[in-house]
4 protein chains.
Amino acid sequence: MKPVRDLAEAIQVVFEDMQSHLGAGRVADYIPALARVDPRNFAIAAADCDGHVHTAGEAATPFSIQSISKVFTLTLALEQMGADLWRRVGREPSGSRFNSMVRLEQEHGIPRNPLINAGALVVSDALMTEGDPAATIDRIAGFLRRLSRDEGVDIDPEVARSEGETGFVNASLANFIKASHNLNNDVAKVLEVYFHQCALRMSCAQLARAGLYLAADGVDPWTCERITTSVRARRINAIMMTCGHYDASGEFAFRVGLPGKSGVGGGILAIAPRRASIAVWSPGLNPAGTSHVGALALERLAQLMDWSVF
Amino acid sequence: MKPVRDLAEAIQVVFEDMQSHLGAGRVADYIPALARVDPRNFAIAAADCDGHVHTAGEAATPFSIQSISKVFTLTLALEQMGADLWRRVGREPSGSRFNSMVRLEQEHGIPRNPLINAGALVVSDALMTEGDPAATIDRIAGFLRRLSRDEGVDIDPEVARSEGETGFVNASLANFIKASHNLNNDVAKVLEVYFHQCALRMSCAQLARAGLYLAADGVDPWTCERITTSVRARRINAIMMTCGHYDASGEFAFRVGLPGKSGVGGGILAIAPRRASIAVWSPGLNPAGTSHVGALALERLAQLMDWSVF
Amino acid sequence: MKPVRDLAEAIQVVFEDMQSHLGAGRVADYIPALARVDPRNFAIAAADCDGHVHTAGEAATPFSIQSISKVFTLTLALEQMGADLWRRVGREPSGSRFNSMVRLEQEHGIPRNPLINAGALVVSDALMTEGDPAATIDRIAGFLRRLSRDEGVDIDPEVARSEGETGFVNASLANFIKASHNLNNDVAKVLEVYFHQCALRMSCAQLARAGLYLAADGVDPWTCERITTSVRARRINAIMMTCGHYDASGEFAFRVGLPGKSGVGGGILAIAPRRASIAVWSPGLNPAGTSHVGALALERLAQLMDWSVF
Amino acid sequence: MKPVRDLAEAIQVVFEDMQSHLGAGRVADYIPALARVDPRNFAIAAADCDGHVHTAGEAATPFSIQSISKVFTLTLALEQMGADLWRRVGREPSGSRFNSMVRLEQEHGIPRNPLINAGALVVSDALMTEGDPAATIDRIAGFLRRLSRDEGVDIDPEVARSEGETGFVNASLANFIKASHNLNNDVAKVLEVYFHQCALRMSCAQLARAGLYLAADGVDPWTCERITTSVRARRINAIMMTCGHYDASGEFAFRVGLPGKSGVGGGILAIAPRRASIAVWSPGLNPAGTSHVGALALERLAQLMDWSVF
């Protein structure tokens, strides 16, 4: 099979190929706002370095990006404190579920990486330098608006509230990290920031646009604005590759061959370095908590475009 | 800093840059043949897709490739049994040391991936279809001779014997896997194959040459011989990226940005897809069991050549 | 050596023997009220079934009984809900530290036994049937006053407050149990009860008197009041024997041979079935968190009186 | 219900009560010699300190005592090397299955206690001072003959052979301990001793007689021969209480209230200090690997005789 080399065409092929899979997987139901999403939703958007966004499906419909936000808060934290961040969080795959306590206890409150919940809590804490959750949440939302060039990006207050009401495992993690002296702020404030960043709502089109700096060595290729250094952009990609899908990160690297980060809202952000930033959305999850159809779509697109980094 | 784009020049720069680091790290001393290696040895060889091998240092001196052999036995096993292999071994990072029992018990004898010892034991067993260790060892050695186009590649009998005499952790792993019904052959035979493959002796020049098919979608680019399918070659690279350095795989991806596999003999094989296969050797190890200077050299070379896949 | 059979004499011998050990061990310093206790304090009291309390040292000085309270809340919970309690908490030694998360995660929020922190949190929750922490705390304190026949038993508000301010590991455990649907009440309320029961202040004389029902098949032998059934009293002793000292329970059984429960305030309650209830207090702890001199004193007393159950 | 105080009568009551339970549980089937035992077998024997053995059921039929042998090899090892043994093995409950690797790895090859497989392997090694498995096996068998005053006690060669052929988990444990430098002899020799001690065949009458020294402070009460010191006898009982039934030790203490040790052959030895040594046999096991009917019978007997140590 000859690869399709035209991105617009490939996006269409993927869209059509996915029709027979729609509805597969299991929609997250731990909070009402996620549980009531139609499992047959599907969207894909690829922003390339030349200034185009190619889309198919409901690419303008906002969804809860959940853990995908961890990529952006990591970027912000690295810009703010540089390599000092790595004294508080590691960069190794955890080999465990996204919210596992075991690793955290064995490693004395230093989370394995910034893309599991424990690590993202430390990042949230690191961003809150003034002890003000609302200001920190505004800063994160503002960063996403800037990256996506879209003032419409916002936080879903119902989701944030629900996360707070049901987030006992995250509260357990945060308290454990606090006990290990790896949170500077109050546990409740850190959780407030964390639950709000998880409640960011973005469409695939916005999300693909927002991730473009990671495909272009840290520079927004459409505006030439530098978002982070080249080294940091690549290292964030490296962490996405080894840690972006919890204990199914190896599987995603094996099948798709691109750095990526999934969220339980059914979104995935993937980066084809020097090529494009791609966002997919389909709410049904596989047992590891990654969008089932979303991962299939990315595997297909990477194959059609010959985008695997390997 | 402008990247050096000429590979020969870059190899020289790396060689010079490493001089001040020689002797750093700790030489493996669990068997005499490794313990007596001079810690100041250093070699680098990069085989490119155009038919050149660029070298510096003692690139013709053979060393014990140890766990690097796992990449090649994985290739052989995939050629032999295809995706059936994945019923017996996973492809996720383990988040644990190279020889950890814990994961294995938790996961009922299915090793996390084929690049940790437990996984490589399963691969060794899978290769021994006739129950004959000597024939299987010959087949593995023959594969390396074919890949490196060098009949001089051989197994160090002293190393193989020493591994057998001191390999109690590997014997523990193999017996546990046998108890979990995931070895077909006798434990002693599987260990014999495993200890011999670890005792393969190759120079950096030979090893770089041997790995070239992984940089070229499964085809030896000098002879156009297909070694494995394109998909398998890329997937082996993906596994090297996420699992190639035990519980320091994230660190290697973060710093070097290339798929790689290290051995306790001080060698590392790294793949720059579509560019080159690189072998380095320096016996001093970091605490994770990877060559300290070797990893530095690869980080430097990837930077000079702008070879990070991210 | 012929055993001393007179309890009053034995208590004196123990008191004298301990003089050379006073000050050994490390005083708990995670909260100020514990940290400032003089490490050279020592007290012992043995209440026998015939109506006598024999004491030596500062046996009338109240100290923070901390985890010893778990024995009494367990008794209350068994009286309230009977064997249903065992659906929410196990009765096996944990083989882990008193506050370990690992076991809890592996066993899905069912704590291993009611004498580790996680188990005691479940017991606290079970006692709070009306959702009212203050009433539950009153009930627990009232039970201790009744058992010790002393209205002076009370809760130290400073200790309760300090526990709340520093109790992040307990908050982590409680949130994890809540996430596992094994707490009926709000996490904050459960922690309030738990921190207050840990802050109970009692003297050795009061504590020995309070534990007497466990030495007498569930009946207070001085008043003939039944506190719990005979079977429950013995089973509580069995749990104290196998689980009373966290991951040093085996050591205590091995050396002392009596059911016991220690607290980080330096107290230990031990039961010599059909003979006596013994309380000791010495603030310096061994690495497992049990009073160093207290354990020595109990070992000596058990030996002098030939009280080992084995 | 008034307790039966006559042991002969109690044994009869237990025997009759157990009739309705016969056949419950699951017979061990990992080796043929165990798998073919009739699950409806039942025997009980209680040897008292006055020179009587009371029996019911097939108390003269020999069965494979399996792990019950660990109590006797522990006694021998303590006689041989005293407290030095505790440098090589702990005395804490493991909180894990009988053959778990996890604990062993976490604790660097020092088994948690001598009654789990890993600990018993260390004890077997400690007994083999001359490096001669056959002599060590003879010594163990001879000790059991001496204790039971019966030259008929012997080792079942078929069971020993089967254990060797299927004992991969034990081989895994032994190799791991060897790697941790906690075995002096060859792994194969240690396993040979261990598999033979597990293959000891004894009847309930022989076994009850053999355990009597543990009920009498280390002295055989019928012959006044001292088998071990009083302190050691009591400490062995303490270890049986906290560790005798793997991760169901707490349950046995809770229900029966006596030190005991079970074997997968369906036997249990229990000690009523100062009263009697009791052996039961019924091949069906509960999920923790203890005889289901055997444990019920001991619970009933302890209740009828009021023998709980608590």
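This is a predicted model, so every value here is computed, not measured. (Residues numbered from 1 in each chain as written. Chains lettered and ligands numbered in written order. Predicted model: local features only at pLDDT ≥ 70, side-chain atom pairs only at ≥ 80, totals over all residues.)

A.B. asks: Explanation requested: the overall build of chain A in the structure shown.
C.D. replies: Looking only at helices and strands, chain A features 14 helices and 12 strands. Taking 310 residues into account, the globule formula puts the C-alpha radius of gyration at 19 Å, and chain A, at 18 Å, falls close to it. Dimensions along the principal axes, computed over C-alpha positions, put chain A at roughly 55 × 40 × 35 Å. Taking as baseline every contact in chain A between residues at least 6 positions apart, the subset at least 24 positions apart corresponds to 68%. (Helix = DSSP H or I, 4+ residues; strand = E, 2+ residues; numbered from the N terminus. Rg over C-alpha atoms; globule rule 2.2 N^0.38 Å. Contact = placed C-beta atoms within 7 Å.)

A.B. asks: Can you walk me through the interface of chain D and chain C in this structure?
C.D. replies: Interface size is often expressed as the accessible area that is lost when the parts come together. Between chain D and chain C, the contact holds 30 residues from the first and 29 residues from the second. Counting residues per element, the ones that place at least two in the side of chain D that touches chain C are α12 (230-243) and α13 (249-255) of chain D. For the side of chain D that touches chain C, the element with the most residues is α12(D), which contributes 8 residues. Grouping the constituent residues of the side of chain D that touches chain C by class yields 12 nonpolar, 10 polar and 8 charged. (Nonpolar A, V, L, I, M, F, W, Y, C, P; charged D, E, K, R; others polar.)

A.B. asks: Could you clarify how one ought to interpret the relation of the copies chain D and chain C in this entry?
C.D. replies: Both copies of the chain are related through a single rotation about an axis accompanied by a shift along the same axis. For the pair chain D and chain C, the superposition axis carries a translation of 0.0 Å, the fit reaches an RMSD of 0.0 Å, and the rotation angle comes to 180 degrees. In short, the pair behaves as if placed about a two-fold rotation axis. Mapped onto chain C, 97% of the interface residues of chain D are again interface residues, and the two copies thus contact each other with one and the same surface. (Least-squares fit on C-alpha atoms with pLDDT ≥ 70 in both.)

A.B. asks: How should I be thinking about the sheet that holds strand β11 (residues 276-281) of chain B in this particular structure?
C.D. replies: All names here are of chain B. Read across the sheet, 5 strands follow the order β3-β2-β11-β10-β9 without closing on themselves; strand pairing throughout is antiparallel. The open sheet has two free edges, formed respectively by β3 (53-57) and β9 (260-262), since each of these has just one partner strand. Ignoring strand direction, the axes of neighbouring strands in this sheet form an average angle of 10 degrees. By the bridge criterion, 3 bridges tie β9 to strand β10 (residues 267-272) in an arrangement that is antiparallel. (Pairing = 2+ DSSP bridges. Axes fitted to C-alpha atoms, helices over the stretch in contact; angles between N-to-C directions.)

A.B. asks: I'm lost on the confidence of the model for chain A in this one. Help?
C.D. replies: As a note on interpretation, predicted positions should not be read in detail where pLDDT is low. Residue-level pLDDT values for chain A average 94, and 96% of them are 70 or greater. Across the predicted assembly, pTM comes out at 0.94 and ipTM at 0.94. (pLDDT = per-residue confidence, 0-100.)

A.B. asks: What should I look at first to understand the interface of chain B and chain D in this one?
C.D. replies: On the side of chain D, 12 residues touch chain B, which itself brings 12 residues to the contact. Put simply, the parts of the chain that give the side of chain B that touches chain D at least two residues each are α4 (102-106) and α8 (168-179) of chain B. For the side of chain B that touches chain D, the leading source of residues is α8(B), giving 8 residues. For the side of chain B that touches chain D, the residue count by class is 7 nonpolar, 3 polar and 2 charged.

A.B. asks: Got a minute to help me understand the sheet that holds strand β5 (residues 154-155) of chain A in this structure?
C.D. replies: Sheet strands pair via backbone hydrogen bonds, and the direction of the pair is either parallel or antiparallel. Residue and element names in this part refer to chain A. What the 3 strands build is an open sheet, ordered β4-β6-β5; its pairing is antiparallel. At either margin of the open sheet sits one strand with a lone partner, and together these are β4 (63-64) and β5. Two strands pair when backbone bridges link them, and β5 and strand β6 (residues 200-202) are joined in this way by 2 bridges, in the antiparallel orientation. Directly across from D154, in β6, lies its bridge partner R201.

A.B. asks: I would appreciate a short explanation of unusual backbone geometry in the present structure.
C.D. replies: Backbone phi values are negative for most residues with the exception of glycine, while trans is the configuration of most peptide bonds. Even without being glycine, Q66(A) reaches a positive phi, approximately 50 degrees. You will see that D306(C), though not glycine, has its phi angle at about 55 degrees, which is positive. With respect to the helices and strands, the residue D306(C) is situated in the segment after α14 (292-305). The class for D306(C) is partly exposed, based on 15 C-beta atoms found within 10 Å. (Buried ≥ 20, exposed ≤ 12 C-beta atoms within 10 Å, placed from the backbone.)

A.B. asks: Honestly, the arrangement of the chains in this entry has me stumped. Any pointers?
C.D. replies: In this structure chain B stays clear of chain C, and the shortest span between their C-alpha atoms is 10 Å. With respect to C-alpha atoms, chain A approaches chain D no nearer than 10 Å, and the pair has no contact.

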